[in-house]
Amino acid sequence: ILLVKSTTAQTISVNESTAKIAEGVHPVFITTVYEYASDDVLKEWKSYMKDFKSTKISGKEEVYADNILIPSITDNTIDIYALTEKINDKESKLVVAIDMGGAYLSSAFTNKVAYEAALKLIGDFSRKLTKSAVQQQLKEAQKVLDNLTSQHKELEDKNNDLNKDIENYKSKIKKAEEEIESTTKEIGRKKGEIESQQKITDEIAIKEKKIN
């Protein structure tokens, strides 16, 4: 059974807001990760943070990267907090707060380069995760398709073989019918020869009995 559902384009965007995070309400970046459960998104984010230098990366429900160094944002160490919210089984919200050292990064921050870099960092993560999930779905769908295609070819080959068998059988039947017709005529001729020979044999037998 092959289930097919319609899909729409999934545009990855990063928006600004405020949220309860890092033991307070702070400016945050929010993005949506598609085709991923929220717990898995947070695990992937934690792994993502490990790509950068950090004093410590900890937390389960809220991941905290302490004194992490991300050169694209700033040459100084910063603290990054992240949590996820479930939208549905295949869609999750990622919330990220970046403490630049006394102030949380937002569009109001004087360092616009840092702000744009943060947008890219979070957007790239969401895009990469969503794309990898869809690629895995594509891989699995292609595997099913390949299997169905293989089954279809096997059935076609079998069907072709059966049709060839039918043609061979038809040819054999036609040949057999022709041989039956020829043999039937031969049987008639042989029967006539037998009857003639029987008469000859009977006459000789009578002649033999008359000899004294």
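Structure report, in brief. (Residues numbered from 1 in each chain as written. Predicted model: local features only at pLDDT ≥ 70, side-chain atom pairs only at ≥ 80, totals over all residues. Heavy atoms only, no water.)

### Examining a negative patch on the surface
- Among the surface-exposed residues, Asp39, Asp40, Glu44 and Glu61 lie close enough to one another that they form a single negatively charged patch.
- Its place among the elements puts Glu44 in helix α1 (residues 38-49).
- Take Glu44: its relative accessible area is 32%, and that puts it in the partly exposed class. (Patch = residues over 30% accessible without salt bridge, like charges linked within 9 Å, V, L, I, M, F, W, Y side chains within 5 Å. Areas by Shrake-Rupley, 256 points an atom, 1.4 Å probe, with all protein chains shown as cover. Salt bridge = Lys/Arg side-chain N within 4 Å of Asp/Glu carboxyl O. Lys, Arg positive; Asp, Glu negative; His and termini not counted. Charge placed at Lys NZ, Arg CZ, Asp CG, Glu CD. Helix = DSSP H or I, 4+ residues; strand = E, 2+ residues; numbered from the N terminus. Buried < 20%, exposed > 50% of the residue type's maximum accessible area, 1.4 Å probe, protein only.)

### Quick look at the sheet that holds strand β6 (residues 91-99)
- Spatial ordering of the open sheet is given by β1-β2-β6-β5-β4-β3, a layout of 6 strands whose pairing is antiparallel. Edge positions in the sheet fall to β1 (14-21) and β3 (56-58), since each has one partner strand and no second. In this sheet, neighbouring strand axes are inclined to one another by 25° on average, regardless of whether the strands run parallel or antiparallel.
- By the bridge criterion, 6 bridges tie strand β2 (residues 24-34) to β6 in an arrangement that is antiparallel. Bridged to Phe29 within β6 is Val96.
- Contacts between α1 and the sheet are confined to β2, β3, β4 (62-68), β5 (78-88) and β6, with β5 contributing the most and set at about 160° to the helix.
- Here helix α2 (residues 112-209) sits on the sheet and contacts β1, β2 and β6; the angle it forms with β2, its principal contact strand, is near 35°. (Pairing = 2+ DSSP bridges. Axes fitted to C-alpha atoms, helices over the stretch in contact; angles between N-to-C directions. Contact = heavy atoms within 4.5 Å.)

### Looking at the layout of surface pockets
- Estimated volume of the second largest pocket: approximately 160 Å³.
- Every residue lining the second largest pocket is listed: Glu44, Ser47, Tyr48, Asp51, Asp124, Phe125, Lys128, Leu129 and Ser132.
- Here the lining of the second largest pocket takes 5 residues from α2, the largest share from any one element.
- Residues belonging to the lining of the second largest pocket are distributed by class as follows: 3 nonpolar, 2 polar and 4 charged. (1 Å grid on protein atoms, 1.4 Å probe; cavity = no way out; pocket = protein on both sides within 12 Å on 5 of 7 lines; lining within 4 Å. Points joined across faces, edges and corners; volume = space filled by probe spheres on them. Nonpolar A, V, L, I, M, F, W, Y, C, P; charged D, E, K, R; others polar.)

### Quick look at unusual backbone geometry
- One non-glycine residue, Ala22, adopts positive backbone phi at about 55°.
- By the element assignment, Ala22 lies in the loop between β1 and β2.
- Look at Ala22 and you get buried, because its relative accessible area is 14%.
- Not every positive phi belongs to a glycine, and Asn67 is a case in point at roughly 50°.

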